[in-house]
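# Coordinate analysis (summary)
One letter stands for each residue in the lines below.
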Amino acid sequence: MDVGIHFLNFTNPGGDAVIAPLLADTAKAAEEGGFALFTVMDHFFQMEQVWPAENPMLEGYSALAWVAAHTSRVELATLVTGVTYRHPGLLAKTVTTLDVLSGGRAMLGIGAAWYEREHRGLGVPFPPLAERFERLEEALRICLQMWSGDDGAYAGRHYALAETLNRPRPLHRPRPPILIGGNGEQKTLRLVARYADACNFTVNEPDVVRHKVDVLRRHCEREGRDIGDIRITVQNSVDPVRDPDGFLRRAEELAALGVRHLHLRAPQPDPVGFVARVVDSVKAPLAQIEPAKL
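- Taking an unreviewed UniProt entry as the reference, the protein is identified by name as LLM class F420-dependent oxidoreductase belonging to Phytohabitans suffuscus.

### Focus: the overall build of the protein
- Helix and strand counts for the protein come out as nine helices and eleven strands.
- Here the C-alpha atoms of the protein give a radius of gyration of 19 Å, agreeing with the 19 Å that 2.2 N^0.38 yields for 294 residues.
- Looking at the protein as a whole, 55% of its 294 residues qualify as buried.
- By element, 52% of the accessible surface of the protein is carried by carbon and sulfur atoms, the whole surface being about 12500 Å².

### Examining the sheet that holds strand S4 (residues 81-82)
- If you trace the nine strands from one edge of the open sheet to the other, you get S3-S2-S1-S11-S10-S9-S8-S5-S4, paired in parallel fashion. Among the strands making up the open sheet, the edge pair consists of strand S3 (75-78) and S4.
- The strands touched by helix H2 (residues 60-69) within the sheet are strand S2 (37-40), S3, S4 and strand S5 (108-111), with S3 carrying the most contacts at an inclination of about 165°.

### Here we look at helix H5 (residues 129-146)
- In this model H5 runs 25 Å from its N-terminal to its C-terminal C-alpha over 18 residues, within 8% of the 26 Å that 1.5 Å per residue would give.
- Residues of H5 that are buried include every one of Arg132, Phe133, Leu136, Glu137, Glu138, Ala139, Leu140, Ile142, Cys143, Gln145 and Met146, and no others.
- The inward-facing, buried residues of H5 abut helix H3 (88-101), S5, strand S6 (154-155), strand S7 (160-161), strand S8 (178-181) and helix H6 (188-195).

### Things to note about the state of the cysteines
- Taken as a whole and judged by the stated rule, the model has zero disulfides.
- In this model Cys143 remains outside any disulfide bridge; the closest cysteine sulfur is found in Cys199, 18 Å from its own.
- Residue class for Cys143 comes out buried when judged on its relative accessible area of 1%.
- This cysteine, Cys199, is not joined by any disulfide, and Cys220 carries the nearest cysteine sulfur, 8.8 Å off.

### What to know about the environment of Gly123
- Note that Gly123 resides in the loop between helix H4 (116-122) and H5.
- A C-alpha to C-alpha distance of 30 Å links Gly123 and Ala196, two positions 73 residues apart in sequence.

### A few points about the packing of helix H1 (residues 19-32) against helix H9 (residues 271-287)
- Following both chains from N to C, one finds H1 and H9 inclined at 10°, their axes separated by 8 Å at the closest point. Taken together, H1 and H9 sit at an angle that is classed as roughly parallel. In this structure, H1 uses Leu22, Asp25, Thr26, Ala29 and Ala30 to contact H9, whose residues at the interface are Pro271, Val272 and Val275.
- Among the residues forming the contact of H1 with H9, the class breakdown is six nonpolar, one polar and one charged.

### Concerning the packing of aromatic side chains
- Inspection of the entire model under this criterion finds four aromatic pairs.
- Seen from their ring centres, Phe7 and Phe10 are 5.3 Å apart, and the 40° between their planes marks the pair as tilted.
- The class for Phe7 is buried, based on a relative accessible area of 1%.
- Here Phe44 and Tyr85 contribute two aromatic rings whose centre-to-centre distance is 4.6 Å and whose plane-to-plane angle is 45°, an arrangement assigned as tilted. One end of the pair, Phe44, is in the loop between S2 and H2; the other, Tyr85, is in the loop between S4 and H3, with 41 residues separating them in the sequence.

### Quick notes on the UniProt feature "domain: Luciferase-like" (unreviewed entry) in the protein
- On the UniProt side, "domain: Luciferase-like" (unreviewed entry) is annotated at positions that read residues 23-240 here.
- Across residues 23-240 one finds 39% helix and 14% strand; the C-alpha atoms that close the span lie 20 Å apart.

### Some remarks on the environment of Ala27
- Structurally, Ala27 can be placed in helix H1.
- Under the relative-accessibility criterion, Ala27 is labelled buried at 0%.

Conventions and cut-offs
Counting starts from 1 at the beginning of each chain's written sequence and moves along it residue by residue. Local features in this predicted model are restricted to residues of pLDDT 70 or higher, and side-chain atom pairs are both shown and tallied only at a pLDDT of 80 or more, whereas totals for entire chains, interfaces and linings draw on every residue. Excluded from the side-chain calculation are hydrogens and water; included are all heavy atoms of the structure. In DSSP terms, a helix is any run of H or I states spanning at least four residues, a strand is any run of E spanning at least two, and both are numbered starting from the N terminus. As a reference, a globule follows 2.2 Å times the number of residues to the power 0.38, and the radius of gyration itself is taken over C-alpha atoms. In this scheme, a residue with accessible area under 20% of its type's maximum is buried, one over 50% is exposed, and one in between is partly exposed, where area comes from a 1.4 Å probe on protein chains only. For accessible areas, the Shrake-Rupley method is used with a probe of radius 1.4 Å. Any residue's cover is judged against the shown protein chains and nothing else. DSSP calls a pair of strands paired once it identifies at least 2 bridges connecting them. Contacts are assigned to residue pairs that have any heavy atoms within 4.5 Å of one another. Between N-to-C directions, angles span 0 to 180 degrees; the directions come from axes that are lines fitted to C-alpha atoms, helices contributing only their stretch in contact. To estimate how far a helix should extend, the number of its residues minus one is multiplied by 1.5 Å. Disulfide assignment relies on a single distance test, namely cysteine sulfur atoms paired within 2.5 Å. Roughly parallel refers to an angle under 35 degrees, roughly antiparallel to one over 145, roughly perpendicular to one between 65 and 115, and oblique to any angle outside these ranges. Gly counts as polar in this scheme, as do all residues outside two lists: the nonpolar Ala, Val, Leu, Ile, Met, Phe, Trp, Tyr, Cys and Pro, and the charged Asp, Glu, Lys and Arg. Stacked, tilted and edge-to-face pairs are distinguished by plane angle, under 30 degrees for stacked and over 60 for edge-to-face with tilted covering the rest, among Phe, Tyr and Trp rings (Trp via its six-membered ring) whose centres lie within 6.5 Å. UniProt positions are given in the numbering used here, feature names are shortened, and annotations may be inferred rather than shown by experiment.

Below, the structure is given as structure tokens:
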């Protein structure tokens, strides 16, 4: 099983001036520690369910470009981009740019979007949920077309592109991987089965994850897809530093369900130290845990 670091809190006692070096140092520590993935939030405002909306929040792809300049191996993604944030053609271009500048390390993390306040606050349209899922599927199709050899038009219900020209092409072959975030059983997991290379569950209790995997398997069967081709990832809930034994037990339980990746949230005020402590306490035994084949 592999792990990634999710950088979601940009508030630090050192103030805004330390955001850039702290982000870079955390990413470098993660890469040196053998972590597989480095992710950042893609929001306009901090999530008010967790911290005040007024807290610092960086634009996701600018932050990843900064990280790309300070690393050379770790995979890079947002966890995850709301489909409403960027026109799909521009999103494909943005991820392509990150992929080229990082040497082929970009992943598209995407979901249906949920944070209404930030949309209203910055004047970004926030359509009803059903429409957001329609737009999500069209965005996935547009990205796939722009990452193929097809430069032709795209005509959908919500988006129309006269040409899907995208140069340079991504360096990642055959294209940047697609991760879809969310737990919804009727729409989200159906889109995972149809389009994604990876999924991210925000739930992490083994019984709940087992059920989600079973639902995804049924969607894959209907789509004629091998569920084993999808990288199942979960946001971690057990602190690997304070409770390493509990963390490893949970990792073993999730691995037995086919989970292949755990996202660890880097806490403030010392995310670099957190990464080092994770490496010291659980990285070696975690690497010995083999996810079940689905």
